[in-house]
Amino acid sequence: MTDSPILITGGAGFIGSHLADALLAAGYRVRVLDNLSTGRRSNLALDNPRLELLEGDVADAALMRRAVAGCQAVAHLAAVASVQASVDDPVSTHQSNFIGTLNLCEAMREAGVRRVVFASSAAVYGNNGEGVAVREDTPKAPLTPYAADKLASEFYLDFYQRQHGLEPAIFRFFNIFGPRQDPSSPYSGVISIFTERAQAGTPIKVFGDGEQTRDFFYVADLVPLLVQALTNAQVQGGAVNVGHNQSISLNQLLDAIRGVLGSLPPVSHGEARPGDIRHSRADNGLLLERFLMPPATPLQVGLATLLGRA
Ligand code: NAD
Ligand code: UD1
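Note that the structure is predicted; figures quoted are calculated from it, not measured.

1. As for the site of ligand 2
Then, in step 1: Around ligand 2, the surrounding shell holds 23 residues, and the nearest of these are Ala81, Ser121, Tyr146, Val190 and Asp276.
Then, in step 2: In the environment of ligand 2, an oxygen atom lies 2.6 Å from a nitrogen or oxygen atom belonging to the side chain of Tyr146.
Then, in step 3: For ligand 2, an oxygen atom lies 2.7 Å from a polar atom in the backbone of Val190.
Then, in step 4: Expressed as a share of its isolated accessible area of 730 Å², the protein-covered part of ligand 2 is 90%.
Then, in step 5: Of all the elements in the fold, those that place two or more residues in the shell around ligand 2 are helix 6 (190-200) and strand 8 (204-207).
Then, in step 6: Mapped onto the domain boundaries, the shell around ligand 2 takes at least three residues apiece from domain 1 (6-176 + 217-242) and domain 2 (180-214 + 246-281 + 295-306).

Structure follows, in structure tokens:
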């Protein structure tokens with residue numbers, strides 16, 4: 001282990017702050033670049049002298065160069081994580097979700113930093129997973145600016161690998177959930193919203209009939225994969241799905257929350273969101289082949305933790 005820091009863009013957010021905790025616990029120095037748009041200072045152990053926070057935007061090329069300088073590796077997690085936000089405001093989200101990646105590639109090339117772990121998404125497959133688990137080679141069908149920016153970022157990382165020797169480890173996360181996922185906006189992850197409302201007894205709104213499915217993955221099971229990708233001597237090329245090859249519908253998710261709490265507040269249904277994927281389930285064969293997977297946290301256990309009933 002060298003003493004140079006690992007940069008986490010988006011490190012004050014949900015996934016990034018758990019990664020920061022794990023890296024600090026393993027003895028690494030961590031530098032976080034975050035504009036605190038959805039991330040929070042309170043997610044970070046700012047009293048740890050091995051943690052540094054640079055407040056600013058990944059779309060700022062000069063700041064990105066400063067952030068990358070002297071780092072041993074980068075986890076690029078900064079993005080507007082909401083698919084719906086990209087539908088509503090494609091121009092602004094593109095700055096975070098694509099220009100940030102391009103700025104990072106350039107900064108890494110200039111600084112000679114090679115290893116980068118990138119948070120891509122199941123969204124790149126669009127609806128091509130209808131009824132089946134998607135494999136990494138399933139044709140891509142980005143339905144939204146969010147998905148298009150993730151796929152374009154993958155292609156640029158691939159270019160910088162071939163042309164400039166970057167070592168990208170690309171993960172296509174399916175639906176990650178767990179503590180610190182911020183429920184405070186309508187754009188937030190569905191489990192964070194449903195569990196917060198179920199606990200508070202406030203009405204829950206399902207977009208569409210609730211029969212859309214997702215492959216949910218607990219954040220504590222994701223972090224060791226990210227650490228391996230940052231620190232393994234070698235990375236193999238190509239993107240890797242992160243999911244369990246198990247999906248449930250939103251209606252089943254609500255049943256599971258009711259199972260933990262004993263009851264649910266009123267549930268209503270509205271229009272399905274434009275660009276919303278109907279079915280999403282990961283073929284995770286490549287993940288299991290390439291990485292040491294911790295024992296999976298069952299959905300019920302993850303939900304019970306979030307609902308304070310663990
Ligand atoms: P999050 O919103 O909690 O984290 C994103 C972080 O990036 C936040 O701290 C935010 O303040 C920061 N950020 C956003 N735009 C920025 C910018 N322009 N400059 C600097 N910082 C910026 O969301 P998350 O769920 O932790 O997502 C982390 C990454 O994983 C994102 O790239 C997201 O697209 C990707 N991802 C998440 C999921 C999921 O289910 N949560 C699934 C697939 C991919
Ligand atoms: C999520 C992630 C995205 C990631 C993708 C990978 C977030 C905010 N989004 O997108 O970053 O790339 O997984 O698969 O983390 N819904 C409701 N009611 C609500 C909120 C949501 O019915 O109050 C529905 C949505 O319409 C959707 C489902 O729940 O059908 C999941 O929504 P969401 O949690 O936003 O996730 P994805 O769009 O799958």
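There's plenty left to go through after this.
2. With respect to the side chain of Asn43
Then, in step 1: Within the secondary structure layout, Asn43 lies in the loop between strand 2 (30-34) and strand 3 (51-55).
Then, in step 2: Look past the residues within four positions of Asn43 in its chain and what remains in contact with it is Ala12, Gly13, Ser17 and Arg180.

3. Considerations on the environment of Phe194
Then, in step 1: With respect to the element layout, Phe194 can be found in helix 6.
Then, in step 2: On the basis of relative accessibility, which here comes to 3%, the residue Phe194 falls in the buried class.
Then, in step 3: When the C-alpha atoms of Phe194 and Gly302 are compared, they prove to be 13 Å apart, with 108 residues separating the residues in sequence.
Then, in step 4: In contact with Phe194, not counting residues within four places along its chain, are Ile204, Lys205, Val206, Leu253, Leu254 and Ile257.

4. Re the site of ligand 1
Then, in step 1: As a matter of local geometry, ligand 1 sits amid 29 residues, with Phe14, Asp34, Thr38, Leu77 and Tyr146 nearest to it.
Then, in step 2: Between ligand 1 and Gly13, the relevant distance is 3.0 Å, taken from an oxygen atom to a main-chain nitrogen or oxygen of the residue.
Then, in step 3: Bound to the protein, ligand 1 loses 93% of the 820 Å² it would expose on its own.
Then, in step 4: Residue assignment for the shell around ligand 1 shows that the elements contributing at least two residues are helix 1 (14-25), strand 5 (115-121), helix 5 (145-164) and strand 7 (175-177).
Then, in step 5: With 3 residues, the top contributor of residues to the shell around ligand 1 is strand 5.
Then, in step 6: Along the lines of polarity and charge, the residues of the shell around ligand 1 split into 14 nonpolar, 12 polar and 3 charged.

Cut-offs and rules
Residues numbered from 1 in each chain as written. Chains lettered and ligands numbered in written order. Predicted model: local features only at pLDDT ≥ 70, side-chain atom pairs only at ≥ 80, totals over all residues. Heavy atoms only, no water. Near = heavy atom within 4 Å. Polar contact = N/O pair within 3.5 Å; in protein donor to acceptor, adjacent residues only side chain to side chain. Areas by Shrake-Rupley, 256 points an atom, 1.4 Å probe, with all protein chains shown as cover. Helix = DSSP H or I, 4+ residues; strand = E, 2+ residues; numbered from the N terminus. Domains from an automatic or database assignment. Contact = heavy atoms within 4.5 Å. Buried < 20%, exposed > 50% of the residue type's maximum accessible area, 1.4 Å probe, protein only. Nonpolar A, V, L, I, M, F, W, Y, C, P; charged D, E, K, R; others polar.

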